[in-house]
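Commentary on secondary and tertiary structure
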Amino acid sequence: MSVTFDSTTLLDQLQQKVKELASTVEEQLHHLPAPVLLLPPAQDKWSAIQCLEHLNTYSRFYLPQIASAIERGYAKQLPATTSFKSGWLGNWFTNTMQPKPDGTLPMKMQSPKNARPVTDLDAAKVMAEFLDGQQQLLTLLQRAEGVNLQRLKVPTSLGKWLRLSLGDTFRFFIAHEERHVLQALHAVGA
């Protein structure tokens, strides 16, 4: 099922979510000592820093892809439209990732092997990269205000053959971040 959004409202809401994610991580995780951030809550569970490193892995892939799509939009003069219609696949991806209002997850998922974080991580470096990524994402959301969210396509990490609209990529990517920041908070008992 597809959903139609007001483009400006959608981008504003997504920017707000990214600001909240960055603020939550800064306020509830950034000040904690590395041993706390690196301690998994249970065997076979990720530590808070592993959750953030998992998100960094996706940022390393998606942020350049999103930036490239936006630049193509400006180069091809594909201006913003007043509405954005989510595709059924993009909407499904977003809805399966997005935590429910009560914090529960709609479905459990296994991360691909290439996106599973190692345990031996530099907590300060991972934290800095995550927060920098949030600033980059905010800049991209602002830059996207001038291009067509529906016509521009972004390859997914599942393969270049599977592409989502720029709008759906933002929605899915940020829902994924919400999911794993919540997991990071649970890992430290926050």
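Look a little higher up for the structure.
The residue count restarts for each chain, going from 1 along the sequence in the order it is written. This being a predicted model, a pLDDT of at least 70 is required before a residue's local features are given, and a value of 80 or more before pairs of side-chain atoms are given or counted; all residues contribute to the totals for chains, interfaces and linings. Where side-chain values are given, they derive from all heavy atoms of the structure, hydrogens and water being excluded.

The biggest cluster of nonpolar side chains holds 54 residues, and the ones touching the most others in it are Leu 52, Leu 166 and Phe 170. Secondary structure follows DSSP: runs of H or I at least 4 residues long count as helices, runs of E at least 2 residues long count as strands, and numbering of each begins at the N terminus. With eleven residues, the top contributor of residues to this core is helix α3 (residues 48-75). Residue contacts for Phe 170: discarding those within four places in its chain leaves Leu 11, Leu 14, Ile 66, Ile 70, Leu 137, Leu 140, Leu 141 and Ala 144. Definition of nonpolar core: a set of buried residues of the types Ala, Val, Leu, Ile, Met, Phe, Trp, Tyr and Cys, connected through side-chain atoms within 4.5 Å. Buried means the residue's accessible area, taken with a 1.4 Å probe over protein chains only, is under 20% of the maximum for its type, while exposed means over 50%, and partly exposed covers the values in between. Here a residue-residue contact requires only that any non-hydrogen atoms of the pair lie within 4.5 Å.

Moving on, we come to the packing of aromatic side chains. Only the six-membered ring of Trp is used, alongside the rings of Phe and Tyr, when aromatic pairs are assigned; centres must lie within 6.5 Å, and planes under 30 degrees apart are stacked while those over 60 apart are edge-to-face, with the rest tilted. Evaluated as defined, the whole model comprises seven aromatic pairs. Judged by centre distance (5.7 Å) and plane angle (50 degrees), the ring pair of Tyr 62 and Phe 173 falls under tilted. With Tyr 62 in helix α3 and Phe 173 in helix α6 (residues 166-187), this residue pair connects regions lying 111 residues apart in the sequence. By relative accessible area, which is 2% here, Tyr 62 ends up buried. With a centroid separation of 5.5 Å and an interplanar angle of 50 degrees, the aromatic rings of Trp 92 and Phe 93 are classed as tilted. With a relative accessible area of 42%, Trp 92 lands in the partly exposed category. Each member of the aromatic cluster is reached from another via a ring pair, and the members are Tyr 58, Phe 61, Tyr 62, Trp 92, Phe 93, Phe 172 and Phe 173.

Phi is positive for Asp 44, which is not a glycine, with a value near 65 degrees. When you line up the elements, Asp 44 lands in the loop between α2 (34-37) and α3. On the basis of relative accessibility, which here comes to 77%, the residue Asp 44 falls in the exposed class. Within the chain, Gln 77 stands out as a residue other than glycine whose phi angle is a positive 55 degrees. With respect to the secondary-structure elements, Gln 77 resides in the loop between α3 and β2 (83-85).

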